[in-house]
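Analysis of the macromolecular model
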Amino acid sequence: MNETAGRNAAAGASGLSGNGTSTGPISGSDRRRGSRAGGGTPATLFERAIAREPVPRRPLWIMRQAGRYLPEYRELRKRHRFKDLARNPELAAEVTLQPLRRFPFDAAIVFADIMSPVPALGVGFDFDPGPVVAEPLRSAAAVAALPEPDPEEAAPEVIEALRHVRGALPANTALLGFCGAPWTLAAYLVEGRGVKDFPTLRAFAAAEPRALEDLLARLSRLMAGYLVRQGEAGADAVQIFDSWAGLLSLADWERLIRPHLQTMLESVGAAGVKRILFVQNAPHLVDAYARLPAEVLAVDWRVDLGVLQRRHGGRRAVQGNIDPAVLTAGPGAARAAAGELLGRVNPTGHIVNLGHGILPATPLESVAALVEAVHGESA
Ligand code: 1CP
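We now turn to the structure provided with this report.

Another point: the overall build of the protein chain. Scanning the protein chain from N- to C-terminus turns up 17 helices and nine strands. Across the 379 residues in the protein chain, those meeting the buried criterion constitute 49%. Sequence-distant contacts, at least 24 apart, represent 75% of the contacts inside the protein chain between residues at least 6 apart.

Okay, structure coming up:
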């Protein structure tokens, strides 16, 4: 499919115009139109999959669906730095909507970064291209000196971007918020940047377990408040990215990490916000994650999603999990991977996604082939 054809097909299916969408403010009555109008049945395909109700076809979205594989994103990036895009609610809303003008995805995910709420902690950082922290937290004293911000101080620009996007989305498209899991955020705050296996972080966990505990508790409180506010701003569900979950053994994870994730997820659930828990590169921890309170368990391609669904699908929807590298092999490979996944995973309670973020080198034709394969299932 050429680019224009892809764009038009997506615009037709999603009801969005091809050249810009109003991102103006919206009224309160408009805000939750994706939710349970008339009681009983969740409105969007996405919400029905979360509730593990039968669906005419499975919903599909893609992690990092707004980003560098899209020519229109690369075009915007020539004029704006990443952090300026993410800090400006109008621009962030525009970038959030870009992939939906091309492809009829069933959800939009607000354009931001897991580091977006970190300024509320007074920690300085930049992007190169991933997060780089100016003065990493390496002592109990540095952690103890952090402020205790109110939830409203966590990335107010992301909350505003969510409101803009909610107003511009078609009623059948779900809106997703997100945050980094406490451990994954701590990974950047302690290590200073993304490095293989995060050795400084693991040494910190061994040398200063109480300081790590303090840091994770602070991050859990801040993220819980941030996610609840995202729900209030119109997010139908939130995804918690635990991208660096797999660095610890199961025993250390149980001791150091689980209590904080548990508390955070419980407060988000108590506010009625649906939770997607994404665990990356941690096959040894997946069953432990499955026991945490979340409506959806999302995993990368290393895990057999069919097996996971048989083991936990009675209580959880599952999300995933095509290897993003397969899409760079072209539309034929994308179609084959999608067919294989759809055959292996029961459609009820399955949200189709990649196993991790889409790679910048992905051809648009591969994404179109994935969409066609998932949409074609009902035909
Ligand atoms: O344009 C650019 O050069 C910036 C690249 C970029 C983008 C597009 C970064 C820097 N962040 C983002 C956006 C982003 N980050 C989204 C947008 C919403 C979407 O379309 O999905 C999301 C959900 C994230 C989340 C994120 N950031 C994670 C969790 C998901 C994952 O990939 O594991 C992590 C670990 C980060 C850190 C980060 N920020 C940026 C990069 C390149 C990275 C990861 C690599 C690193 O640590 O160096």
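Back to the text.
This next bit is on the site of the ligand. Neighbouring the ligand are 22 residues, the closest being Phe82, Gly130, Gly194, Phe241 and Ser243. Grouping the amino acids of the shell around the ligand by side-chain chemistry returns 11 nonpolar, seven polar and four charged.

The next thing to look at is unusual backbone geometry. Look at the link from aspartate 128 to proline 129: it is a cis peptide, with omega at -25 degrees. Within the secondary structure, proline 129 sits in the loop between strand S2 (125-127) and strand S3 (131-133). Residue asparagine 321 is bonded to the preceding glycine 320 through a cis peptide linkage, with omega at -10 degrees. Structurally, the position occupied by asparagine 321 is in strand S8 (residues 317-322). Its identity as a non-glycine residue notwithstanding, arginine 52 has a phi of 55 degrees, on the positive side. Following the sequence through the fold, arginine 52 ends up in the loop between helix H3 (45-50) and helix H4 (71-79).

The terminal C-alpha atoms of helix H16 (residues 331-344), which comprises 14 residues, lie 20 Å apart, in line with the 20 Å expected from a rise of 1.5 Å per residue. Looking at the buried positions of H16, the neighbouring elements they touch are helix H14 (305-312), S8, helix H15 (324-327) and helix H17 (364-376).

Our focus in this paragraph is helix H11 (residues 209-232). Between its first and last C-alpha atoms H11 spans 35 Å; for 24 residues at 1.5 Å apiece the expected length is 34 Å, and the two agree. Phi turns positive one or two residues past the end of H11, at glycine 234, with a value near 120 degrees.

Counting 123 residues, the largest nonpolar core has Val110, Val165, Leu176, Ala186, Val238, Leu277 and Val296 as the members making the most contacts within it. With 11 residues, H11 is the single largest residue contributor to this core. The contacts of valine 296, once residues within four sequence positions are left out, are Ile50, Ile276, Leu277, Arg316, Ala317, Val318, Gln319 and Ile351.

A separate point is the environment of phenylalanine 204. Note on placement: phenylalanine 204 falls in helix H10 (residues 199-207). Residues phenylalanine 204 and glutamate 191, spaced 13 residues apart in sequence, show a C-alpha to C-alpha distance of 9.0 Å. Aside from chain neighbours lying at most four places away, what touches phenylalanine 204 is Arg138, Val190 and Leu212.

Note that proline 54 resides in the loop between H3 and H4. On a C-alpha basis, the gap between proline 54 and glycine 349 in space is 7.8 Å, while along the polypeptide they are 295 residues apart.

The pairing of strands in a sheet comes from backbone hydrogen bonds and takes either a parallel or an antiparallel form. Taken in spatial order, the seven strands line up as S1-S4-S5-S6-S7-S8-S9 in an open sheet, and their pairing is parallel. Among the strands making up the open sheet, the edge pair consists of strand S1 (107-109) and strand S9 (350-354). Going from strand to strand, the sheet's axes swing by 25 degrees on average, the running direction of each strand aside. One ladder, built from three bridges, connects strand S7 (residues 296-299) with S8; its direction is parallel. The partner of alanine 298 across the bridge, within S8, is glutamine 319.

For the rest of this paragraph, the subject is the packing of H16 against H17. Look at H16 against H17: their axes get within 8 Å of each other, and the N-to-C directions meet at 30 degrees. When the axis of H16 is compared with that of H17, the two are roughly parallel. Viewed along their axes, H16 and H17 form a crossing whose handedness is right-handed. Of the residues in H17, those touching H16 at Pro331, Ala334, Arg335, Ala338 and Gly339 are Glu365, Ser366, Ala368, Ala369, Leu370, Ala373 and Val374. Along the lines of polarity and charge, the residues of the contact of H16 with H17 split into eight nonpolar, two polar and two charged.

With respect to the element layout, leucine 248 can be found in the loop between strand S5 (237-242) and helix H12 (250-270). Judged by local crowding, leucine 248 falls into the buried class, with 20 C-beta atoms found within 10 Å. Put simply, leucine 248 and alanine 282 are 34 residues apart on the chain and 8.9 Å apart in space, counted from C-alpha to C-alpha.

In terms of burial, strand S4 (residues 174-180) is largely enclosed, as seven of its seven residues are buried. Bridge analysis of S1 against S4 gives three bridges, and the strand direction is parallel. Paired with alanine 107 across the strands is alanine 174, a residue of S4. Looking at chain direction, S4 and S5 are connected through five bridges and run parallel. Along S5, the bridge assignment pairs cysteine 179 with isoleucine 240.

Definitions and cut-offs
Residues numbered from 1 in each chain as written. Predicted model: local features only at pLDDT ≥ 70, side-chain atom pairs only at ≥ 80, totals over all residues. Helix = DSSP H or I, 4+ residues; strand = E, 2+ residues; numbered from the N terminus. Buried ≥ 20, exposed ≤ 12 C-beta atoms within 10 Å, placed from the backbone. Contact = placed C-beta atoms within 7 Å. Near = placed C-beta within 6 Å. Nonpolar A, V, L, I, M, F, W, Y, C, P; charged D, E, K, R; others polar. Expected span 1.5 Å × (residues − 1). Core = buried A, V, L, I, M, F, W, Y, C linked by C-beta atoms within 7 Å. Pairing = 2+ DSSP bridges. Axes fitted to C-alpha atoms, helices over the stretch in contact; angles between N-to-C directions. Parallel < 35°, antiparallel > 145°, perpendicular 65-115°, else oblique. Left-handed = near helix turned anticlockwise from the far one by under 90°.

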